[in-house]
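Residue-level structure breakdown
The lines below spell out each chain.
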Amino acid sequence: GRQVWHELVGGELRPIPQDKVRLNDSGQALAFADGSYVKSIASSDNTLTFIDAKGKESSFKIPFEESPTRIFSIEVGGGKVWGGTFIPLALFAYDIASGQTTSYGNPQGYDDKTAGGGEIYSSIFHQGKLYTAAYVNGILTRLDPNKPIRRGPFPYANPAYLGRIKEDMPFVQRPYGKAVDKRG
């Protein structure tokens, strides 16, 4: 794990000494050649904080209009309407009886191996659980809505990473379809 930083100058990669890399509050290197850098971008109110080459801090709001959420996939089961959105990537459930909506965030993984990071292309509700298949790499997950959300690489994770539809290259990219085997 040692981080190594480079900059692209005239088409050539040049290493940057670690002590010269300026990171913002999120750990991203949003720096410019003159020494100025983006310190933070607050998603709550779209405020960008910038440090100029002389070290002066200034902030401004980024003009931004909300756009409607795009529903990418939909399934019904367990008294709920389940949906997957596209930008932002999220799984949600609308409880038909209570009228309440719950957001589960992006269920597609928790690290570089399991992260699908994409739209839920297919889902099926079966025996009290929601199974999803997502772009990219055909990531399969299982969510038990009756258990607490616990993300991570352990057997009791919820949603649980079940693997890829196809484990070797080329991976399945846009999984579409629904099936349940004899074992459920």
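Quick look at the structure, then. (Residues numbered from 1 in each chain as written. Predicted model: local features only at pLDDT ≥ 70, side-chain atom pairs only at ≥ 80, totals over all residues. Heavy atoms only, no water.)

A count of helical and extended segments in the protein gives zero helices and 13 strands. Secondary structure of the protein in N-to-C order comes out as β-β-β-β-β-β-β-β-β-β-β-β-β. Looking at the protein as a whole, 30% of its 184 residues qualify as buried. Put simply, 28% of the contacts in the protein that link residues at least 6 apart link residues at least 24 apart. For the protein, the computed accessible surface area is about 12,400 Å², with 53% contributed by carbon and sulfur atoms. (Helix = DSSP H or I, 4+ residues; strand = E, 2+ residues; numbered from the N terminus. Buried < 20%, exposed > 50% of the residue type's maximum accessible area, 1.4 Å probe, protein only. Contact = heavy atoms within 4.5 Å. Areas by Shrake-Rupley, 256 points an atom, 1.4 Å probe, with all protein chains shown as cover.)

Quick look at the environment of Gln173 now. Structurally, the position occupied by Gln173 is in the segment after β13 (160-164). As for Gln173 and Ile139, which are separated by 34 residues in sequence, their C-alpha atoms are 8.9 Å apart. With residues near it in sequence (within four places) discarded, Gln173 still touches Ala134, Tyr135, Val136 and Asn137.

Attention shifts here to the pairing of strand β5 (residues 57-61). Note on strand geometry: in a regular strand, side chains alternate between the two faces of the sheet. Direction of pairing for strand β4 (residues 47-51) relative to β5: antiparallel, over a ladder of five bridges. Residue pairing across strands places Thr47 opposite Lys61, the latter belonging to β5. Following β4, the chain reverses through five residues before pairing antiparallel with β5; Gly55 in that reversal takes a positive phi of roughly 90 degrees. (Pairing = 2+ DSSP bridges.)

Within a sheet, each strand pairs with its neighbour through backbone hydrogen bonds, oriented either parallel or antiparallel. The strand order β3-β4-β5 describes an open sheet built from three strands, whose pairing is antiparallel. Only two strands of the sheet have a single neighbouring strand rather than two, namely β3 (37-42) and β5. Along the sheet, successive strands turn relative to each other by an average axial angle of 20 degrees, direction set aside. (Axes fitted to C-alpha atoms, helices over the stretch in contact; angles between N-to-C directions.)

In this structure, Trp82, Leu91, Ala93, Tyr104, Ile120, Phe125, Leu130 and Leu143 together form the largest nonpolar core, which totals eight residues. Among the elements of the structure, β8 (90-95) and β10 (120-126) are those that each provide at least two residues to this core. (Core = buried A, V, L, I, M, F, W, Y, C linked by side-chain atoms within 4.5 Å.)

These figures come from the coordinates and say nothing about function on their own.
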